[in-house]
Amino acid sequence: MTTYAGLLAAIQAPEGQGVEMIDPATGAVVGRAPQFGEADLDAAVATARYTQREWATTTHAERSALLDEAADAIEASAEALAELLSREQGKPLNGPNARFEVGACAAWLRANAAFEIAPQVLVDDESGKAVLEYVPVGVVGAIGPWNWPMMISIWQIAPSLRMGNTVVLKPSEYTPLSVLALGAVLNQVLPAGVLQVLSGGRELGARLTAHEDVDKLMFTGSTATGQAIMRSAADTLKRLTLELGGNDAGIVLPDADPEAIAEGLFWGAFINTGQTCAALKRLYVHESQYDQVCEALVDVAQRMPMGVGLDEENVLGPLQNRQQFDIVAGLVEDARAAGARILTGGDPEADQPGYFYPTTLVADIDNDHPLVAREQFGPALPIVKYTDLEQVIEWANALEVGLGSSVWGTDLEEARAVAARLEAGTTWINKHGAVDPRVPFGGVKSSGYGLEFGIEGLKSVALPKVTSW
Ligand code: NAD
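Predicted model, so just to flag it, every value in this text is computed and none were measured.

**So, the overall build of the protein chain**
Logical step 1: If you tally the helices and strands in the protein chain, you get 16 helices and 20 strands.
Logical step 2: Its C-alpha atoms give the protein chain a radius of gyration of 23 Å, within 12% of the compact-globule value 23 Å for 469 residues.
Logical step 3: Along the first, second and third principal axes, the C-alpha set of the protein chain runs to 70 × 65 × 40 Å.
Logical step 4: Taking all 469 residues of the protein chain together, 57% fall into the buried category.
Logical step 5: Looking at the protein chain alone, contacts between residues at least 24 apart form 73% of all its contacts between residues at least 6 apart.
Logical step 6: Counting every atom, the protein chain has about 18,400 Å² of accessible surface; 52% of that belongs to carbon and sulfur.
Logical step 7: Of the charged side chains in the protein chain, 32 are positive and 61 negative; the average position of the first set lies 5 Å away from that of the second.

**Overview of the pattern of salt bridges**
Logical step 1: On inspection of all chains with the given rule, the structure shows 22 salt bridges.
Logical step 2: Across the pair aspartate 42 and arginine 207 runs a salt bridge, and its minimum N-O distance is 3.1 Å. One end of the pair, aspartate 42, is in helix H2 (residues 38–55); the other, arginine 207, is in helix H8 (residues 202–210), with 165 residues separating them in the sequence.
Logical step 3: Residue lysine 445 pairs with glutamate 423 through a salt bridge whose shortest N-O separation is 2.8 Å. Of this pair, lysine 445 sits in strand E18 (residues 444–445) while glutamate 423 sits in the loop between helix H15 (412–419) and strand E17 (426–429), and the two are 22 residues apart along the sequence.
Logical step 4: For glutamate 423, a relative accessible area of 40% puts it in the partly exposed group.
Logical step 5: Residues joined in a network through salt bridges with shared partners are Asp68, Asp72, Glu75 and Arg110.

**Observations concerning the domain arrangement of the protein chain**
Logical step 1: Domain boundaries assigned for the protein chain yield domain 1 (4–244 + 447–468) and domain 2 (248–429).
Logical step 2: For domain 1 versus domain 2, the separation of C-alpha centres amounts to 30 Å.
Logical step 3: Listed as interface residues are 26 residues of domain 1 and, on the opposing side, 28 residues of domain 2.
Logical step 4: Our count for the contact surface shared by domain 1 and domain 2 stands at one salt bridge.
Logical step 5: Between arginine 99 and glutamate 312 there is a salt bridge; the shortest N-O distance is 2.8 Å.
Logical step 6: Linking domain 1 with domain 2 are 14 residue pairs in polar contact (both at pLDDT 80 or more).

**Quick notes on the packing of aromatic side chains**
Logical step 1: Considering all chains together, one arrives at 12 aromatic pairs under this definition.
Logical step 2: Relative to tryptophan 155, the ring of tryptophan 108 has its centre 5.6 Å away and its plane inclined at 40°; by these criteria the two rings are tilted. In this pair, tryptophan 108 sits in helix H5 (residues 98–114) while tryptophan 155 sits in helix H6 (residues 149–162), placing the two residues 47 residues apart along the sequence.
Logical step 3: Given a relative accessible area of 5%, tryptophan 155 falls into the buried group.
Logical step 4: Ring centres of tryptophan 108 and phenylalanine 453 lie 5.2 Å apart, and the angle between their planes is 65°; on these two criteria the pair is classed as edge-to-face. Of this pair, tryptophan 108 sits in helix H5 while phenylalanine 453 sits in the loop between strand E19 (448–449) and helix H16 (454–459), placing them 345 residues apart in sequence. The residues tryptophan 108 and phenylalanine 453 share a single accessibility class, namely buried.
Logical step 5: Put simply, the rings of Trp108, Trp155, Phe441 and Phe453 touch in pairs and so form one group of aromatic residues.

**Digging into the environment of glycine 205**
Logical step 1: Position of glycine 205 relative to the elements: it lies in helix H8.
Logical step 2: Take glycine 205: its relative accessible area is 7%, and that puts it in the buried class.
Logical step 3: Sequence separation of glycine 205 and leucine 310 is 105 residues, and the distance between their C-alpha atoms is 31 Å.
Logical step 4: What glycine 205 contacts, discounting residues up to four positions off in sequence, is Ile143 and Lys170.

**Side note on the environment of valine 123**
Logical step 1: Mapped onto the secondary structure, valine 123 falls in strand E3 (residues 120–125).
Logical step 2: Valine 123 sits 345 residues away from serine 468 along the chain, and the two C-alpha atoms are 8.6 Å apart.
Logical step 3: Ignoring any residue separated from it by four or fewer positions in sequence, one finds valine 123 in contact with Gly128, Lys129 and Ala130.

**Describing empty space enclosed by the protein**
Logical step 1: The tally for this structure, following the rule as stated, stands at three cavities of 30 Å³ or more.
Logical step 2: Of the pockets and cavities examined, the largest cavity occupies roughly 70 Å³.
Logical step 3: Every residue lining the largest cavity is counted, 14 residues in all, and those nearest its centre are Arg282, Ala396, Gly404, Ser405 and Glu423.
Logical step 4: Put simply, the parts of the chain that give the lining of the largest cavity at least two residues each are strand E10 (248–252), helix H14 (389–397), strand E15 (401–402) and strand E16 (404–408).
Logical step 5: In terms of residue class, the lining of the largest cavity is built from six nonpolar, five polar and three charged.

So, how was this worked out
- Residues numbered from 1 in each chain as written.
- Predicted model: local features only at pLDDT ≥ 70, side-chain atom pairs only at ≥ 80, totals over all residues.
- Heavy atoms only, no water.
- Helix = DSSP H or I, 4+ residues; strand = E, 2+ residues; numbered from the N terminus.
- Rg over C-alpha atoms; globule rule 2.2 N^0.38 Å.
- Buried < 20%, exposed > 50% of the residue type's maximum accessible area, 1.4 Å probe, protein only.
- Contact = heavy atoms within 4.5 Å.
- Areas by Shrake-Rupley, 256 points an atom, 1.4 Å probe, with all protein chains shown as cover.
- Lys, Arg positive; Asp, Glu negative; His and termini not counted.
- Charge placed at Lys NZ, Arg CZ, Asp CG, Glu CD.
- Salt bridge = Lys/Arg side-chain N within 4 Å of Asp/Glu carboxyl O.
- Domains from an automatic or database assignment.
- Polar contact = N/O pair within 3.5 Å; in protein donor to acceptor, adjacent residues only side chain to side chain.
- Phe/Tyr/Trp six-rings, centres within 6.5 Å; stacked < 30°, edge-to-face > 60°.
- 1 Å grid on protein atoms, 1.4 Å probe; cavity = no way out; pocket = protein on both sides within 12 Å on 5 of 7 lines; lining within 4 Å.
- Points joined across faces, edges and corners; volume = space filled by probe spheres on them.
- Nonpolar A, V, L, I, M, F, W, Y, C, P; charged D, E, K, R; others polar.

Quick look at the structure:
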C-alpha cells in the first residue's frame, strides 16, 4: 500500500523544478510535475524497444497474471490514488468520480487479463491449412486527455501490455501527476521498461507521434489534435487508434416516462461535471413530454451537490481548467442572449478560488445554437424541443461527430428502430455513456476510428499474422 504523501514524493519533481499543478477547486498547489524533454523521450523509446523483445516472449497467461497483480496493486493504493486524482483533476472522491475511476482501472486490467484470444484456423482441409494469429505491434505510444486521466490511460495500457507490446505514455499537461502516480503503482509489479510515463507539454506528444521507433499510437483527446497526429504519423505509417471528441445526442421519445428517466438523463449528461467524451451533450425531447422532462431534470440537478472534491458530500466538482470554464460560460451567455431559458444554474460566483460552474439546464434553445452544435464539455445541457421524429433523427445525425447517442422510451422495439438510424459508434437505450470493458467502444465520423475494449480492443494493439501451409 502506498500513502498519498508517499505517492507524491515518488513522482514529483524536486523542489524548485517542474511545473506546479493547481487544484482546480481551491487554487492550492498539488505538486510539481516533472517536464521530460526530447532526449528523455528518445531514451524511453529505446528502452521500450529493447524491453519489448523479451516481453513479447512471455505467454498470454504470464502477462494476464501480471495484469491481475497490477489490479491488486491499484486496489491496495486506491485511496491515495483517488485523493491525488481528486486534487489534481477536481472530481469529487464520491459519486461516479475519483474512487469510481480508480476502481475502473482495476476492473479494466482484470477484464483484459481474462479475455481469450486464440489462433483462428481459417482453412483446414485437403488443400492445406491457414491460421490467423495476433502478434504484438511493438512499441505503443499513448497520449491522453485530462478528463478521465487514469481510466483512459488504463484503456491504452492494459490491452497493449496484454498483447506483448511495451508502452511509452504522455499524459495531459493538465493532469500529469495522476498518471505518473498510476504508472508508479503499476510499476510496483511490472518488469522494468515495459511501461514508462513521461510528463510534458504538447511538443513532447508531437515528438512521440513522429518518432521513427514507435509502431502504434493510441490517442484520446480532441478532434483537432487527432488530425494533427494523423498527419504527423503519416511519414512512419504508424497504426492509429483515435478516440476523439463527441457531441452526443439523446432523444426522448413520446412514450418515455420523465420521472423514471430523469436521473439516468442527468448522469448521462453531467457525469464528471460534463467533462466526458461520451456524455449526453444535447438533449432532444418530444413536445408532449418537454415540460415534464425539464421539470424532472431540474429537480435532480438541484439535489446534486457541487463543491470541493475532498468533501464527501459532493458529487460534482469544478471544471478542470480556466480555458474550459470560459468555453462553458461563453456558450451559456450566448444562449441567454439569444433568448433561451435558463432553468437552473448559469450564474457562476464571481471571485471564487476554483473553476466552479453551476449545473445548468438550458431550455427553449434552437438546434443551430452553438451550445447545441459545439462540444461544450462541461455542466451545461441544452434541451431542444422537437415535434417530428424524422426531423430529430436528422438533427441528431447532422454533426460531423459520432461518438455516442441515446434513445429513451418505454417501447423497446421502437427505441431500437430509432437507435439503428443514429450515426454513432454506440447508441444506448435508456442510459447514456455506460462503458463496459467487454464491449467495444469507438467513434465514427470525426469522433475517430479504431476500437477499444473487448477482443476487438486487443486486436487493435496487435498485428494480424497469417501462417499458411
Ligand atoms: P487535447 O487534444 O487538447 O489534448 C490531448 C493530449 O494531446 C494531451 O496530452 C496533449 O498534450 C496532447 N497533444 C496536444 N497537441 C498535440 C500534438 N500536436 N501532438 C501530439 N500530442 C498532442 O484534448 P483534451 O482537451 O485534453 O481532451 C478533451 C477532448 O478529448 C474532448 O474533445 C473530448 O471529447 C475528447 N475525449 C475523447 C474520448 C474518447 O474516448 N473518444 C475520451 C476522453 C476525451
